[in-house]
Amino acid sequence: MSYVMCMMCRAMYGFTAATMITTPVYNIESFSNNINAQKSVQYNISKVQKLPSTLSRLAPPPSNQPEWYKSHLQRERHLNRLSKPIKSEVTYTISTKGKTSSDLAEFSRQSNETLNDARGWARLGVKFKQVDSGGDFDLVLSQPEHMTSFSSYCSSDWSCRVGKSVIINDKRWQKTSKAWGEYGGSIRDYRHMAINHEIGHWLGHGHQNCNVSGESAAVMQQQSIDLQGCKFNPWPLESEIWSTTLGVRKI
Ligand SMILES: [Zn+2]
């Protein structure tokens, strides 16, 4: 059988290796009964795989972070540093007011998931734990008509927070809001937002407006009512991670 030998291969790797490179497959198969020939193939292929020394010098240089990037990271870390909360565990009770139709076990489970979610207020450095009595705040699921019994500034249409009572309107928990429905947000995200917003009041936050149209809304914006051009967002923004109640501030 014939083959065409690669002259450059022959010059670089020797006659036998060059033969292996340029020999058609059926020629290699014809050697398979010859053990010595197989050994020769393995030996010569291992020689071929070694890079010539000129190529090894072309390896990329080791990549180090430039100084400007290191100082940028340092500045970021500094900006995001928080003081320690006055307590690492925040407790709360769960109860109902009036006649509610939501599943209370689901309300309890989903509220706890939201509170301890890594995207939420747990970023303050606290854990939230449900207790039977004597909680730091009381999470209440309320019949809409009973909302005003907590305070005259609460409304039967919305959720509310009064003192240590964080009150979720049963109707909103089940049906979200008109604005949320038009946006097509999920009921789970609405519930995340409702809990995060009302707990945000207990943590010491007031309301915010949409600052930049098209950006994510602050969780403390009244997103149930009007987005003001912002995007729905169920989680506190980085700028909202502070709490006067828990003594957490940027340092
Ligand atoms: Zn509010």
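What counts and what doesn't
Residues numbered from 1 in each chain as written. Predicted model: local features only at pLDDT ≥ 70, side-chain atom pairs only at ≥ 80, totals over all residues. Heavy atoms only, no water. pLDDT = per-residue confidence, 0-100. Contact = heavy atoms within 4.5 Å. Buried < 20%, exposed > 50% of the residue type's maximum accessible area, 1.4 Å probe, protein only. Helix = DSSP H or I, 4+ residues; strand = E, 2+ residues; numbered from the N terminus. Pairing = 2+ DSSP bridges. Axes fitted to C-alpha atoms, helices over the stretch in contact; angles between N-to-C directions. Parallel < 35°, antiparallel > 145°, perpendicular 65-115°, else oblique. Left-handed = near helix turned anticlockwise from the far one by under 90°. Nonpolar A, V, L, I, M, F, W, Y, C, P; charged D, E, K, R; others polar. Donors = N, O, S within 2.8 Å, 3.2 Å for Na, K, Ca; no water. Disulfide = S-S within 2.5 Å.

Some details on the confidence of the model for the protein chain
Line of reasoning, step 1. Summing up the model confidence of the protein chain, the mean pLDDT is 83 and the portion of residues at 70 or higher is 71%.
Line of reasoning, step 2. Confidence drops under pLDDT 50 across residues 1–12; counting only partners more than four residues distant or on other chains, this segment forms 24 contacts.

Some thoughts on the pairing of strand S3 (residues 137–142)
Line of reasoning, step 1. Of all six residues in S3, six are buried, a share of seventy percent or more.
Line of reasoning, step 2. Residues Phe137, Leu139 and Leu141 of S3 are buried on one face, and the alternating residues Asp138, Val140 and Ser142, pointing to the opposite face, are buried as well.
Line of reasoning, step 3. Here six bridges tie strand S1 (residues 89–97) to S3, and the two strands are oriented parallel to one another. Note on S3: the bridge partner recorded for Ile94 is Leu139.
Line of reasoning, step 4. Across five bridges, S3 lies against strand S5 (residues 165–169) in parallel orientation. Of the residues in S5, the one forming a bridge with Ser142 is Asn169.

As for the packing of helix H7 (residues 104–116) against helix H10 (residues 187–202)
How two helices sit against one another is set out by the angle between their axes and by the gap between those axes.
Line of reasoning, step 1. Closest axis-to-axis distance for the H7/H10 pair is 10 Å, and the angle between their directions is 70°. Accordingly, the angle class assigned to the pair H7 and H10 is roughly perpendicular. With respect to the hand of their crossing, H7 and H10 are arranged in right-handed fashion. Contacts between H7 and H10 involve Glu106, Gln110, Ser111, Glu113, Thr114 and Leu115 on the former and, on the latter, Arg188, Arg191, His192, Ile195, Asn196 and Ile199.
Line of reasoning, step 2. For the contact of H7 with H10, a count of residues per class yields three nonpolar, five polar and four charged.

What about the coordination of the zinc ion?
Line of reasoning, step 1. Protein coordination at the zinc ion: the donors are His197 (NE2), His201 (NE2) and His207 (NE2), at 2.0 to 2.1 Å from the metal.
Line of reasoning, step 2. Taken in sequence order, the residues that donate to the zinc ion follow the motif H-x3-H-x5-H. Here His201 and His197 lie together in helix H10, a separation of four residues that amounts to about one turn.
Line of reasoning, step 3. Residue classification places His197 among the buried residues on the basis of a relative accessible area of 7%.

Side note on the state of the cysteines
Line of reasoning, step 1. Taken as a whole and assessed by the stated rule, the structure comprises two disulfides.
Line of reasoning, step 2. One disulfide in the model links Cys154 with Cys160; its S-S distance is 2.0 Å. Taking the sign of the torsion about the S-S bond as the criterion, the disulfide between Cys154 and Cys160, at about -75°, is left-handed.
Line of reasoning, step 3. The class of Cys154 is buried, set by a relative accessible area of 4%.
Line of reasoning, step 4. Here Cys160 falls in the buried class, since its relative accessible area comes to 7%.
Line of reasoning, step 5. Note on cysteine connectivity: Cys210 is disulfide-linked to Cys230, with sulfurs 2.1 Å apart. On the sign convention where negative means left-handed, the S-S torsion of about 80° between Cys210 and Cys230 marks this disulfide as right-handed. Taken as a pair, Cys210 in the segment after H10 and Cys230 in the segment after H10 lie far apart in primary sequence, 20 residues in all. A single burial state applies to Cys210 and to Cys230, both of which are buried.
Line of reasoning, step 6. Bonded cysteines in the protein chain are paired 1-2, 3-4 when counted in the order they occur along the chain.

A word on the environment of Ile225
Line of reasoning, step 1. Inspection of the secondary structure puts Ile225 in the segment after H10.
Line of reasoning, step 2. Judged by relative accessible area, Ile225 falls into the partly exposed class, the value being 45%.
Line of reasoning, step 3. C-alpha separation for the pair Ile225 and Lys178, spaced 47 residues apart in sequence, amounts to 7.8 Å.
Line of reasoning, step 4. Sequence-distant contacts of Ile225, defined by excluding residues within four places in its chain, comprise Trp158 and Ala179.

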